[in-house]
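# Fold and contact review
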Amino acid sequence: MGKKRARIDRLLEIFPLYSEELGIDLSKPSGRFKWFVASILFGARISEQIASNTYGYFETAGIASAPEKIIQAGWERLVEILDSGGYVRYDFSTATKLLEIMASLQSNYGNLENLYRQSTDSKDLERRLQEFKGIGPATTQIFLRELRGRWNVEPEISKIAGTSATNLEIELSQFEGERLARVETALVKLYLRYCKKSKCSECPMKESCKK
């Protein structure tokens, strides 16, 4: 039991939440909206480093905290910001997607917090999020997994987190709320940065991995 706890503690120490790395405070409505924007960027077929860099440019531009700020920025400015972060392949389509999502969010709910309050449960919230053009299951899962313990949500565990958990012999059913959010996110990062790239010899968790 002590070894398993030490293994998990080490995992969480190495791999914090994405939102924490980005300096986002999920306890605040503005922070949850910022994470929504970041999740849209992370949801594309692009590296996590480019998505993270690009979100930083949204922060620098001062448009990440509210839908109206993104709308006011306009398409050309959004393309510039996306290009600055290295989001070149998806700059035009992502700028269009962001504007459409923000317009629909304002029109249908006013803001992100109202969307959550109007949802009857976690599944209904997922359904409402995926009604936005360009938001699918992957982006929804990225967004909601770090909101466990902040909102009353229960998204499915991502498959790649499950793979990492199996390799480390971690039973995810023992966690819930924010603890589960942290463990799952850490496992996702482990997979993307080491398992997926077959960097077993460089992996900081190699001594605990049954592979």
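Remember, predicted model here, so these are calculated numbers, not experimental data. Positions within a chain are numbered from 1, following the residues in the order the chain's sequence is written. Local features in this predicted model are restricted to residues whose pLDDT is 70 or higher, and side-chain atom pairs enter the listing and the counts only when it is 80 or higher, whereas totals over whole chains, interfaces and linings include all residues. For side-chain calculations, the full set of non-hydrogen atoms in the structure is used, while hydrogens and water are omitted.

## Overview of the overall build of the protein
- Here a strand is any run of E in DSSP of at least two residues, a helix any run of H or I of at least four, and the numbering for each starts at the N terminus. Check the secondary structure of the protein and you find 11 helices and zero strands.
- From first element to last, N terminus to C terminus, the protein shows the α and β order α-α-α-α-α-α-α-α-α-α-α.
- By the compact-globule yardstick of 17 Å for 211 residues, the protein fits well, its C-alpha radius of gyration being 18 Å.
- Across its three principal axes, the protein shows a C-alpha extent of roughly 50 × 40 × 25 Å. Based on C-alpha atoms, the radius of gyration is set beside the globule rule, defined as 2.2 Å times the residue count to the power 0.38.

## Regarding the packing of aromatic side chains
- For Phe, Tyr and Trp, rings pair up if their centres lie within 6.5 Å, where Trp contributes its six-membered ring, and each pair is then called stacked (planes under 30 degrees apart), edge-to-face (over 60) or tilted (otherwise). Scanning all chains against the criterion turns up 10 aromatic pairs.
- Ring geometry for Tyr116 and Trp151: centres 4.3 Å apart, planes at 5 degrees, overall stacked. Here Trp151 lies in the loop between α9 (137-145) and α10 (159-167) and Tyr116 lies in helix α7 (residues 112-118), a separation of 35 residues in the sequence.
- Burial classes follow relative accessibility: with a 1.4 Å probe on protein chains only, a residue under 20% of its type's maximum area counts as buried, one over 50% as exposed, and anything between as partly exposed. Since its relative accessible area comes to 6%, Trp151 is described here as buried.
- An aromatic cluster is present here, built from Phe33, Phe36, Tyr116, Phe143 and Trp151 joined pairwise through their rings.

## Notes on helix α1 (residues 2-14)
- In a regular helix each residue adds 1.5 Å, so 13 residues correspond to 18 Å; α1 covers 18 Å between its end C-alpha atoms and thus fits that length.
- Buried within α1 are the following residues: Arg7, Ile8, Leu11 and Leu12. In an axial view of α1, the angular spread of the buried residues amounts to 130 degrees, which keeps them on one side of the axis. Summarising the geometry of α1, the exposed residues directed more than 90 degrees from the buried face are Gly2, Lys3, Arg5 and Glu13.
- Contacts were defined at the residue level, with two residues in contact if any of their heavy atoms lie within 4.5 Å. On the buried face of α1, the contacting elements are α11 (177-195). Every helix has an expected span of 1.5 Å times one less than the residues it contains. When we speak of the arc, we mean the arc of directions from the helix axis to the C-beta atoms.

## Description of α9
- With seven of its nine residues buried, α9 lies for the most part within the structure.
- Buried residues of α9: Thr139, Thr140, Gln141, Ile142, Phe143, Leu144 and Arg145, and no others.
- Summarising the contacts, the buried residues of α9 are in contact with α2 (18-21), α3 (29-42), α7, α8 (122-129) and α11.

## Side note on the pattern of salt bridges
- We define a salt bridge as a contact between a side-chain nitrogen of Lys or Arg and a carboxyl oxygen of Asp or Glu at a distance within 4 Å. For the coordinates displayed, the defined rule picks out 14 salt bridges.
- For Lys189, the salt bridge goes to Glu21, with nearest N and O atoms at 2.9 Å. On the criterion of sequence distance, the pair formed by Lys189 in helix α11 and Glu21 in helix α2 is long-range, its members being 168 residues apart.
- On the basis of relative accessible area, Lys189 is assigned to the buried category, the value being 0%.
- By relative accessible area, Glu21 is classed as partly exposed at 42%.
- When the shortest N-O distance is used, the salt bridge between Glu80 and Arg77 registers 3.2 Å.

## A short note on the environment of Ile81
- Summarising the element assignment, Ile81 is placed in helix α5 (residues 67-84).
- The exposure class assigned to Ile81 is buried, which follows from its relative accessible area of 2%.
- Taking the C-alpha atoms as reference points, Ile81 and Ala95, 14 residues apart in sequence, are found 9.3 Å from one another.
- The residues touching Ile81, leaving out its near neighbours within four places in the chain, are Thr54, Tyr57, Phe58, Ala61 and Ile63.

## Brief notes about the packing of α3 against helix α6 (residues 91-108)
- Between N-to-C directions, angles span 0 to 180 degrees; the directions come from axes that are lines fitted to C-alpha atoms, helices contributing only their stretch in contact. One can describe the packing of α3 onto α6 by two numbers: an axis separation of 11 Å at closest approach and a directional angle of 145 degrees. Here the hand of the crossing between α3 and α6 comes out right-handed. Judged by residue contacts, Phe33, Phe36, Val37, Ile40 and Leu41 of α3 engage Thr94, Lys97, Leu98, Ile101, Met102 and Leu105 from α6.
- Just so you know the grouping, Ala, Val, Leu, Ile, Met, Phe, Trp, Tyr, Cys and Pro go in nonpolar, Asp, Glu, Lys and Arg go in charged, and all remaining residues, Gly too, go in polar. Classifying every residue of the contact of α3 with α6 gives nine nonpolar, one polar and one charged. With the far helix as reference, a near helix turned anticlockwise by less than a right angle produces a left-handed crossing, and one turned clockwise produces a right-handed crossing.

## Let's talk about unusual backbone geometry
- Here Glu169, not a glycine, exhibits a phi torsion of approximately 55 degrees, which is positive.
- In this fold, Glu169 is placed in the loop between α10 and α11.
- Positive phi values are uncommon outside glycine, yet Ser198 reaches one of about 55 degrees.
- Inspection of the secondary structure puts Ser198 in the segment after α11.

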